[in-house]
Amino acid sequence: MTTAAYQGEPGSNSATAAAALYPGAEGMPCTSFEQALDAVTLGTADVAVIPVDNSAAGRVADVHHLLPESGLFIVAEYFLAIRFDLMGVPGATLEDVECVRSHVHALGQCRKVVREGGWRTLVSDDTAGAAREVAELGDPRHAALAPPAAARLYGLDVLRSEVEDDPDNTTRFVVLSREAALTPHTGEPTMTSLFFCVRNIPSALYKALGGFASSGVNLTKIESYQLGAGLNPSRFYVEIEGHPDEERVALALHELRFFSSEVRILGVYPAHPHRLDH
């Protein structure tokens, strides 16, 4: 049986994504992304299911720092439609609510309903954790913004369903494993994630990325970050459409390596069907 680690509590969106990817697997709730990744590194979990960005809130903080340094490999991606319900203790009504609890990203993705209600907010570590806190408080003045599964899990009443600001709200997750498990080149849509550090010379980034443009390789994500203090060259996390065994991708990577001090492939995996629909 696969053990899938995720950040959050049972009933969270990460738990839902893990269950969708690995039906029947044993879920391992973790208090932080680092703990979820460490569980895979130490062998107490087979995979970690980690959110990397959200269509409304943008990238998930800290994850782009953790992926290259984890020593793990991306083996899959998954897009989850995000739904939030406003939930309270049994018998509570909207008129009772004075305070809404949730994760900071969920509060940001449900601003309209919070503003309409005129409620104050409290930030919780996790959306499902907010639902658990409301259940434990037993106070009708407190409600939670959480996925529908959390209401069933903690015995709460849904006061208002699907309160997210954007009905197309979607979070992208990646699956990390100790083994690379590179998807073979079959002509099917494929994603490649990689990390690189440019040489400390003028126009290095422009020249390093030039190969992708001249070879017609689409970059779907590029994120920069600095390690340590001082004037060290920036490091970059990049995702591209294509497989390293494709000639055009191989040419782009060759040029990237020429202008970089380090290039590391973090994963080659099938493109999720969600990409083909958008």
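Further up the page is the structure itself.
Quick look at the structure, then. (Residues numbered from 1 in each chain as written. Predicted model: local features only at pLDDT ≥ 70, side-chain atom pairs only at ≥ 80, totals over all residues. Heavy atoms only, no water.)

### Some details on the overall build of the chain
Okay, step 1: Tallying secondary structure elements over the chain gives 10 helices and 15 strands in all.
Okay, step 2: For 278 residues, the compact-globule estimate of 2.2 N^0.38 gives 19 Å, and the chain sits close to it at 21 Å.
Okay, step 3: Along the longest, intermediate and shortest principal axes, the C-alpha atoms of the chain span 65 × 40 × 40 Å.
Okay, step 4: Buried residues in the chain amount to 49% of all 278 residues.
Okay, step 5: Counting contacts in the chain only where the partners sit at least 6 residues apart, residues at least 24 apart contribute 75% of the total.
Okay, step 6: Working note: accessible area of the chain is about 12,900 Å², and carbon and sulfur atoms make up 52% of it.
Okay, step 7: If the 21 positive side-chain charges of the chain are averaged to one point and the 36 negative ones to another, these points end up 6 Å apart. (Helix = DSSP H or I, 4+ residues; strand = E, 2+ residues; numbered from the N terminus. Rg over C-alpha atoms; globule rule 2.2 N^0.38 Å. Buried < 20%, exposed > 50% of the residue type's maximum accessible area, 1.4 Å probe, protein only. Contact = heavy atoms within 4.5 Å. Areas by Shrake-Rupley, 256 points an atom, 1.4 Å probe, with all protein chains shown as cover. Lys, Arg positive; Asp, Glu negative; His and termini not counted. Charge placed at Lys NZ, Arg CZ, Asp CG, Glu CD.)

### Describing the sheet that holds strand S15 (residues 260-270)
Okay, step 1: Strand order in the open sheet made by the 4 strands is S13-S14-S12-S15, with antiparallel pairing throughout. Edge positions in the open sheet fall to strand S13 (219-225) and S15, since each of these has one partner strand only. Across the sheet, the axes of successive neighbouring strands diverge by a mean angle of 15°, strand direction being ignored.
Okay, step 2: Contacting strand S12 (190-198), S13, strand S14 (235-241) and S15, helix H3 (residues 63-70) runs over the sheet at an angle of about 90° to S13.
Okay, step 3: Strand contacts of helix H9 (residues 247-258): S12, S14 and S15, with the helix running at about 150° to S15, the strand carrying the most contacts. (Pairing = 2+ DSSP bridges. Axes fitted to C-alpha atoms, helices over the stretch in contact; angles between N-to-C directions.)

### A short note on the pairing of strand S9 (residues 142-146)
Okay, step 1: In terms of residue burial, S9 counts as a mostly covered element, since 5 of its 5 residues are buried.
Okay, step 2: Side-chain alternation along S9 places His142, Ala144 and Ala146 on one buried face and Ala143 and Leu145 on a second face that is also buried.
Okay, step 3: Pairing of strand S6 (residues 85-88) with S9 involves 3 bridges; the strand directions are antiparallel. When the sheet's bridge partners are listed, Leu86 is paired in S9 with Leu145.
Okay, step 4: Sheet topology note: the strand S7 (residues 99-102)/S9 ladder contains 3 bridges and is parallel. Bridge pairing links Arg101 to Ala144 in S9.

### So, the packing of aromatic side chains
Okay, step 1: What the rule picks out here adds up to 2 aromatic pairs.
Okay, step 2: Relative to Phe236, the ring of Phe196 lies with its centre 5.2 Å away and its plane at 20°, an arrangement referred to as stacked. Here Phe196 is found in strand S12, whereas its partner Phe236 is found in strand S14, with 40 residues between them in sequence.
Okay, step 3: Residue class for Phe196 comes out buried when judged on its relative accessible area of 0%.
Okay, step 4: Seen in terms of ring centroids, Phe258 and Phe259 are 5.0 Å apart; in terms of plane orientation they differ by 85°. Their pairing is edge-to-face. (Phe/Tyr/Trp six-rings, centres within 6.5 Å; stacked < 30°, edge-to-face > 60°.)

### Thoughts on the packing of helix H2 (residues 33-42) against H3
Okay, step 1: It is the contact of H2 with H3, at a shortest axis distance of 11 Å, that shows an interaxial angle of 15°. Here H3 runs roughly parallel to H2, going by the angle between their axes. Crossing handedness for the pair H2 and H3: right-handed. Contact residues: H2 offers Phe33, Glu34, Leu37 and Thr41, while H3 offers Val63, Leu66 and Ser70.
Okay, step 2: For the contact of H2 with H3, the per-class residue count stands at 4 nonpolar, 2 polar and 1 charged. (Parallel < 35°, antiparallel > 145°, perpendicular 65-115°, else oblique. Left-handed = near helix turned anticlockwise from the far one by under 90°. Nonpolar A, V, L, I, M, F, W, Y, C, P; charged D, E, K, R; others polar.)

### Notes on the sheet that holds S6
Okay, step 1: In spatial order, the strands read S8-S7-S9-S6-S10; together these 5 strands make up an open sheet with mixed pairing. Every interior strand has two partners, whereas the edge strands, strand S8 (120-123) and strand S10 (157-160), have only one. Averaged over all neighbouring strand pairs, the angle between strand axes comes to 35°, with direction disregarded.
Okay, step 2: Its contacts with the sheet place helix H6 (residues 127-137) against S6, S7 and S9, and it is angled at close to 155° to S9.

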